[in-house]
Amino acid sequence: MSYKLATYQSADGPRAAIILGERVIDVARATRVKADESVDGILMDWQKAKARLTALTTRKGLRGQPLTKVKLLAPIPRPGAIYCAGSNYADHAAEMARASGREAPLDPHDLGLRSWHFIKSSRAVTAPGQTVKMPSNSKKIDWEVELAVIIGRKCKDVAEKDAYRYIAGYTIANDLSARDRGLREAMPATSAFRFDWTAHKSFDGSCPMGPWIVPASEIKDPMDLGLQLDVSGVNKQNSNTKHMIFNIREQIADLSSKITLWPGDVIMTGTPDGVGNGRGEYLKIGDVVKARVEGIGELVTKMA
């Protein structure tokens, strides 16, 4: 039987669980392994822990709680690091270029370039179903559905062909973005210090993530998953991970050539076209955002 790995709010605080059908099973109480109390602890021992989790799926008599009665938190409430692929779908790169009056960029592969990532604050992570308060200093809060990769092994200088061996699983992320906070307008256009990625990408609540982690073994091909996002019932994004410019293998190889990736680190792999900035539409108070990734589920966020 397949399972999903999650973090739930217990009377004792956040704890790791597996979801079997509609039941939520506290992992550490079932395995009697203290490290299994948190998803972080499970991922730090992923090579052994995944065998323990698989064993739970066939154990008889496991007690659990109904999923409908449990409050799920972000599967990794405070990741060690969140690396976000920038401009990683050609159609999204083109729509952002049009919005700023530029020509669509060439394929970076043709220019000899590799994938690039910015860092999003782990403090920006928020739980599925949560309400995000829009920052008062921004009028242009945008949405971005993304497939998020969860690292399960220490990872440095990894070859592309071996990259999947370092993945524990996948979840959904919404890279909320304050489009009008990305530039320091008083700085000259040619200044290297003109961009403000912190205000743009890391305001409080700007990284909804979840609702759980689907183990990598359950996803046949992460490079062929449908992506969708609706805002208050209206579809805005509808694409597939096969349209990434730099695939998951390339991203892991590129990142690990620059910095060591650790268990529990998250790679957000980019978003397709259909974001608000491309059409001059932005989130409003009361909007409900539903991000979906095939084979994983749905991540709901309310704006306030």
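On to a nonpolar patch on the surface. Together, Trp116, Leu183, Phe195 and Trp197 make up a nonpolar patch on the protein surface, roughly 410 Å² of accessible area in all. Locating Phe195 in the fold gives a position in the loop between strand E13 (177–178) and helix H5 (197–201). Judged by its relative accessible area of 52%, Phe195 falls in the exposed class.

Further remarks concern the nonpolar core. Ile248, Ile252, Leu283 and Ile296 are the most contacted members of the largest nonpolar core, which totals 50 residues. Broken down by element, the residue count for this core peaks at four residues, all from strand E11 (residues 145–151). Setting aside residues no more than four positions away along its own chain, Ile248 makes contact with Leu147, Val149, Tyr164, Ile167, Tyr170, Pro222, Met223 and Thr269. Counting residues in hydrophobic clusters, the runner-up holds 32 residues, among them Ile25, Val27, Ala168 and Cys207.

In this structure, the largest pocket encloses a volume near 900 Å³. In terms of lining, the largest pocket is formed by 32 residues, of which the most central are Met96, Arg102, Arg179, Trp197 and His200. Among the elements of the structure, helix H4 (90–99) and H5 are those that each provide at least two residues to the lining of the largest pocket. In terms of residue count, the dominant contributor to the lining of the largest pocket is H4 (five residues). Split by residue class, the lining of the largest pocket holds twelve nonpolar, ten polar and ten charged.

Procedures and definitions
Residues numbered from 1 in each chain as written. Predicted model: local features only at pLDDT ≥ 70, side-chain atom pairs only at ≥ 80, totals over all residues. Heavy atoms only, no water. Patch = residues over 30% accessible without salt bridge, like charges linked within 9 Å, V, L, I, M, F, W, Y side chains within 5 Å. Areas by Shrake-Rupley, 256 points an atom, 1.4 Å probe, with all protein chains shown as cover. Salt bridge = Lys/Arg side-chain N within 4 Å of Asp/Glu carboxyl O. Helix = DSSP H or I, 4+ residues; strand = E, 2+ residues; numbered from the N terminus. Buried < 20%, exposed > 50% of the residue type's maximum accessible area, 1.4 Å probe, protein only. Core = buried A, V, L, I, M, F, W, Y, C linked by side-chain atoms within 4.5 Å. Contact = heavy atoms within 4.5 Å. 1 Å grid on protein atoms, 1.4 Å probe; cavity = no way out; pocket = protein on both sides within 12 Å on 5 of 7 lines; lining within 4 Å. Points joined across faces, edges and corners; volume = space filled by probe spheres on them. Nonpolar A, V, L, I, M, F, W, Y, C, P; charged D, E, K, R; others polar.

Shape is all these values report; function is a separate question.
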